[in-house]
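# Working through the structure, step by step
Listed below, chain by chain, are the residues.
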Amino acid sequence: MSASSLRLLVKNAAQIALVCNNGEQYLTKDGMQSLAVVENASVVIGHDGRIKAVGPADVIASQFKGAKFDNVLDASGMCVVPGLVDAHTHPVWAGDRVHEFAMKLAGATYMEVHEAGGGIHFTVAHTRSASEQDLVKSLKSRLERMMRAGTTMVECKSGYGLELDTEIKMLRVIDSARKSLPVGISATYCGAHAVPRGKTMEQATEDILTIQLPKIKTLITSGDLQVDNIDVFCEKGVFNVESTHTILQAGKDMGLNINFHGDELHPMNSAQLGAELGALAISHLEEVTDDGIAAMAQAKTAAVLLPTTAYILRLTPPRARNMLDAGVIVALGSDFNPNAYCCSMPMVMHLACVMMKLSMPEALAASTINAAYALNRSQTHGSIEVGKQGDLVIVNAPRWEHLVYQFGGHQELIRYVIIRGEVVYENDKILSL
Ligand SMILES: N=CN[C@@H](CCC(=O)O)C(=O)O
Ligand SMILES: [Zn+2]
């Protein structure tokens, strides 16, 4: 390997949590409990942004003796984890919903706020009238905030338009952020996020099938838009199982990955539907049944759990332990949206541990390799392995678990965030523990 091909050396870390080291595309059961961790370790990233070597510091030092690096970071006393993957966000929107937080604290349920014209409908009205430029600006600042919290790959949904023009505007906004920021983005068309005012569910479904999806298909084919996934909010009073099935199948026929909201507020048998359709992921699952869990395990459909939602809405959290015991591929997401205003995957991991009884290794696996699997990116993301993209988070602590343990402490703990071997965030105001 020529010396000039190397971009970054991170040396002498107290620990590097690889997460996995055998090319696994996801982890389940015991695999999530016993993550691959190397003590006193270094990692090398090349100019192509890929990981060239990772292992014990002395081995890497002799292997790369005399090599020149564009950048060398001394991680003595610090730990390295893979860039975090946030498997579920709604980050494109306008309008402030802080008043709804007050309503919910006073006892209103999510659906009561929604049915009173608030919730998604409030955000739809503001997002429809917002300029594309303003939406790009707010999206970029939200994604930068996520990056500072260690997120290097994030799923971003449309879904606050509910009609052709605004849904496409949102997807273009996501595309624009993809082109101008280093963070990896998986784009999701979520035109079935709610039934728009003035339409029935049947009319909304028809509009999606005959107007929205065909236009999106044309834009994807012409290279004007990149869309990776299709989503529907399958919920009582929103889209029923039949409509959800039809919309998701139409998206799949266009080559999109199925990744949808299911079994959140009512048991809808969404998990069984997703398994039957070959869904890559289903989110929420607070109300999933035992049969649904078994179907997801069998179909290798990832469960994207969203602790912030259960926390904010005071829902009974999803039965994560039952899912883990059944061998479901469990992933985590922030669910960043105006209802759940959280950009921090370290806080999500902490909540998952406390509220859903995940162990810290399970939470890290769920926020790295399994979240990457839910986005069909685990070939390139989600672990620190040779050949994968060089996305890292360097944590100023002697053990990686501090990133989960110190609730809300990520701003002080995260020293560097690295994407493709480039430092995208450096915190030089960090204090020692
Ligand atoms: N449940 C549906 N969608 C979002 C909430 C969106 C909103 O309230 O604006 C969620 O995943 O939590
Ligand atoms: Zn959501």
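Residues numbered from 1 in each chain as written. Chains lettered and ligands numbered in written order. Predicted model: local features only at pLDDT ≥ 70, side-chain atom pairs only at ≥ 80, totals over all residues.

This part takes up the overall build of the chain. Counting its secondary structure elements, the chain contains 18 helices and 16 strands. With the principal axes as the frame, the chain shows a C-alpha extent of 70 × 45 × 40 Å. In the chain, buried positions account for 56% of the 433 residues. (Helix = DSSP H or I, 4+ residues; strand = E, 2+ residues; numbered from the N terminus. Buried ≥ 20, exposed ≤ 12 C-beta atoms within 10 Å, placed from the backbone.)

Direction of pairing for strand E1 (residues 6-19) relative to strand E2 (residues 36-46): antiparallel, over a ladder of nine bridges. The partner of Val-10 across the bridge, within E2, is Val-43. Across five bridges, E2 lies against strand E3 (residues 51-56) in antiparallel orientation. Bridge assignment links Ala-41 to a residue of E3, and that residue is Pro-56. (Pairing = 2+ DSSP bridges.)

Let us look at the domain arrangement of the chain. Looking at the chain, the domain boundaries give domain 1 (5-82 + 384-426) and domain 2 (84-375). At the interface, 29 residues of domain 1 touch 28 residues of domain 2. The set of elements that each furnish at least two residues to the side of domain 1 that touches domain 2 consists of E1, helix H1 (29-33), strand E5 (79-82), helix H17 (402-405), strand E15 (414-419) and strand E16 (422-426). Classifying every residue of the side of domain 1 that touches domain 2 gives 18 nonpolar, five polar and six charged. (Domains from an automatic or database assignment. Contact = placed C-beta atoms within 7 Å. Nonpolar A, V, L, I, M, F, W, Y, C, P; charged D, E, K, R; others polar.)

On to the site of ligand 1. For ligand 1, the set of nearby residues contains 13 residues, the closest of which are Gly-119, Ile-120, Thr-309, Asn-337 and Asn-339. The residue inventory of the shell around ligand 1, partitioned by class, reads four nonpolar, seven polar and two charged. (Near = placed C-beta within 6 Å.)

Let us now look at the environment of Leu-213. In this structure, Leu-213 sits in helix H8 (residues 201-221). Taking the C-alpha atoms as reference, Leu-213 lies 9.0 Å from Ile-247; in sequence the two are 34 residues apart. Sequence-distant contacts of Leu-213, that is, excluding residues within four places in its chain, are made with Ile-208, Ala-250, Gly-251 and Met-254.

Relative to the 30 Å expected for 21 residues at 1.5 Å per residue, H8 spans 28 Å between its end C-alpha atoms, a close match to the ideal helical length. The sharpest bend along H8 reaches about 40° and sits at Ile-208. Taken together, the buried positions of H8 are Ala-204, Thr-205, Ile-208, Gln-212, Leu-213 and Ile-216. Residues of H8 that are buried in the fold lie against helix H7 (164-180), strand E8 (184-192) and helix H9 (241-253). One or two positions beyond H8, positive phi appears at Gly-223, with a value near 80°. (Expected span 1.5 Å × (residues − 1). Bend = angle between axes of the 7 residues up to and from the residue.)

The phi angle of most residues is negative, glycine excepted, and most peptide bonds adopt the trans form. Phi is positive for Arg-314, close to 55°, though the residue is something other than glycine. Of note, Arg-314 is situated in the loop between helix H12 (307-312) and helix H13 (320-326). The exposed category is assigned to Arg-314, around which 11 C-beta atoms lie within 10 Å.

As recorded in UniProt, the feature "domain: Amidohydrolase-related" (unreviewed entry) lies at residues 80-424. The span residues 80-424 shows a helical share of 45% and a strand share of 17%, and its end C-alpha atoms are spaced 15 Å apart. (UniProt positions renumbered as here; feature names shortened; annotations may be inferred.)

Bringing H7 into the picture now. The end-to-end C-alpha distance of H7 is 24 Å, a good match for the 24 Å that 17 residues give at a rise of 1.5 Å each. Buried within H7 are the following residues: Thr-166, Glu-167, Ile-168, Met-170, Leu-171, Val-173, Ile-174 and Ala-177. Buried residues belonging to H7 abut helix H5 (120-129), helix H6 (132-148), strand E7 (151-157), E8 and H8.

Attention now moves to the nonpolar core. Val-80, Ala-303, Ala-331, Ala-352 and Val-395 are the most contacted members of the largest nonpolar core, which totals 144 residues. Among the elements that line this core, the one with the most residues is E1, at nine residues. A domain-level breakdown of this core finds at least three residues from each of domain 1 (5-82 + 384-426) and domain 2 (84-375). Residues in contact with Ala-303, not counting those within four places in the same chain, are Ile-282, Leu-285, Met-296, Met-323, Val-328, Ile-329, Val-330 and Ala-331. (Core = buried A, V, L, I, M, F, W, Y, C linked by C-beta atoms within 7 Å.)

The strand order across the open sheet built from eight strands is E6-E7-E8-E9-E10-E11-E12-E13, with neighbouring strands paired in parallel fashion. At either margin of the open sheet sits one strand with a lone partner, and together these are strand E6 (84-86) and strand E13 (330-332). Pairwise comparison of adjacent strand axes, ignoring direction, gives a mean angle of 25° for this sheet. Against the sheet, H6 contacts E6 and E7, and its axis sits at roughly 145° relative to E7. (Axes fitted to C-alpha atoms, helices over the stretch in contact; angles between N-to-C directions.)

Here the focus is the environment of Ile-394. Tracing the sequence through the fold places Ile-394 in strand E14 (residues 392-395). Using a count of 23 C-beta atoms within 10 Å as the deciding quantity, one classes Ile-394 as buried. On a C-alpha basis, the gap between Ile-394 and Lys-68 in space is 21 Å, while along the polypeptide they are 326 residues apart.

Two quantities define a packed helix pair, namely the angle between the helix axes and the distance between the axes. Two numbers describe how H8 lies on H9: the axes approach to 10 Å, and their chain directions differ by 5°. Comparing their axes, H9 and H8 come out roughly parallel. Counted together, Met-201, Thr-205, Ile-208, Leu-209 and Leu-213 of H8 and Ser-243, Thr-246, Ile-247, Ala-250 and Gly-251 of H9 form the full contact between these two elements. (Parallel < 35°, antiparallel > 145°, perpendicular 65-115°, else oblique.)

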